[in-house]
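# Observations on chain architecture
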Amino acid sequence: MERVDHLADERNKAEFNVDDMKIVWAGSRHAFDVSNRISRLVANDPIFEKSKRAVMRRKELFKNTLRKSVHAWKMINELRLSDEEGIKLRSFMDQPGFLDLHWGMFVPALKGQGTEEQQHKWLSLANKMQIIGCYAQTELGHGSNVQGLETTATFDPKTDQFIIHSPTQTSSKWWPGGLGKVSTHAVVYARLITNGKDHGVHGFIVQLRSLDDHSPLPGITVGDIGMKFGNGAYNSMDNGFLMFDHFRIPRDQMLMRLSKVTREGKYVASDVPRQLVYGTMVYVRQSIVSNASTALARAVCIATRYSAVRRQFGSQDGGIETQVIDYKTQQNRLFPLLASAYAFRFVGEWLKWLYTD
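Residues numbered from 1 in each chain as written. Predicted model: local features only at pLDDT ≥ 70, side-chain atom pairs only at ≥ 80, totals over all residues. Heavy atoms only, no water.

## Focus on the sheet that holds strand β7 (residues 220–224)
Selection criterion: Strands qualify as paired when DSSP identifies two bridges or more between them. Note on conventions: DSSP H or I runs of at least 4 residues are helices, E runs of at least 2 residues are strands, and numbering of each starts at the N terminus.
If you walk across this open sheet you meet the 3 strands as β4-β8-β7, and the pairing is antiparallel. A strand with exactly one partner marks an edge of an open sheet, and here the two such strands are β4 (173–174) and β7. Here β7 pairs with strand β8 (residues 240–244) via 5 bridges, running antiparallel. Each bridged residue has a counterpart across the sheet, and for G223 the counterpart in β8 is F241.

Written as structure tokens, this is what we have:
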């Protein structure tokens, strides 16, 4: 039987310019060039190889993730990649890990809710990864309902400290990525209490583990929640649990761009809208749309290509069989998903613009 390049044949039938569509999908010529260059960089590096990922045991998978994460960080520094290029490199690494939370939530929380002084102190450490951070909001009893969080941060004017405490089992921080094994610090969300009054949920910078031997600090109970459903899926991430037993932090480790507590214990709100306390989570939520587009696009691309080369039935007199993609039932499965991938992509870009604005 004569060999036919079915994919080339299908591409030649396109009624639009494929190269132009690449730019549309990327967002701009510059974005496409960066994406194309970094993707090749990752694809040609054997450290990022992932063909055996689905059959690795959890411990082996986690070590593999650490190895890739460290290698990615070294590449970013040695090649002097920009922030944009670094983000692309981590995305093409395609293995969830602590870097996602450090750069995707911990650092944005410091930028969005920290004062200039706090940013100068903490971002200088975080940007060099001298500390590794995570985002400890979700609790065992409450997740997206931020107002229902139970962890408390009570101000002690005698010592000029906040006392971070987990009063119930359901107040355990649960699921934060990077918390289980790697993070040294966290942005912790807790109910701010001064002079017996509850001022609602605020963010605090809390050190969890020693920078000398990585052991949990006294008053901190922290660990990995274990296996998640789906081998090789999110098991490369060390999602964790966290509880506080009257753990003390200095007053200046409350993120005070949006509101603050004075040395005397007076609560002072700023003119900035209180909703910005949730800014980091909103940022992540909008990025989920773009990430969903990427994941869906990969899956539907593989399925569509396979449907073009796979042939089944329909042959007459020993002739060539029909391409699976030509069956209406197959098109009904594929094409709505293909359209959704594009829709999610464009909506994701619009949401990113809206959030930035």
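## Examining the packing of aromatic side chains
Quick note on the threshold: Pairing of aromatic rings covers Phe, Tyr and Trp, the last counted by its six-membered ring, and requires centre-to-centre distances within 6.5 Å; plane angles under 30 degrees mean stacked, over 60 mean edge-to-face, and any other angle means tilted. When the NZ atom of lysine or the CZ atom of arginine is within 6 Å of a ring's centre and also within 35 degrees of its normal, the charge is said to sit over that ring.
Enumeration over the complete set of coordinates arrives at 9 aromatic pairs. Relative to Y342, the ring of W25 lies with its centre 5.1 Å away and its plane at 85°, an arrangement referred to as edge-to-face. Here W25 is found in helix α2 (residues 18–26), whereas its partner Y342 is found in helix α9 (residues 328–356), with 317 residues between them in sequence. Chaining the aromatic ring pairs together yields one cluster made of W25, Y342 and F346. The residue whose ring lies beneath K228 is W175, and the NZ or CZ to ring-centre distance is 6.0 Å. Geometry around W25 places R345 over its ring, the cationic atom sitting 5.7 Å from the centre.

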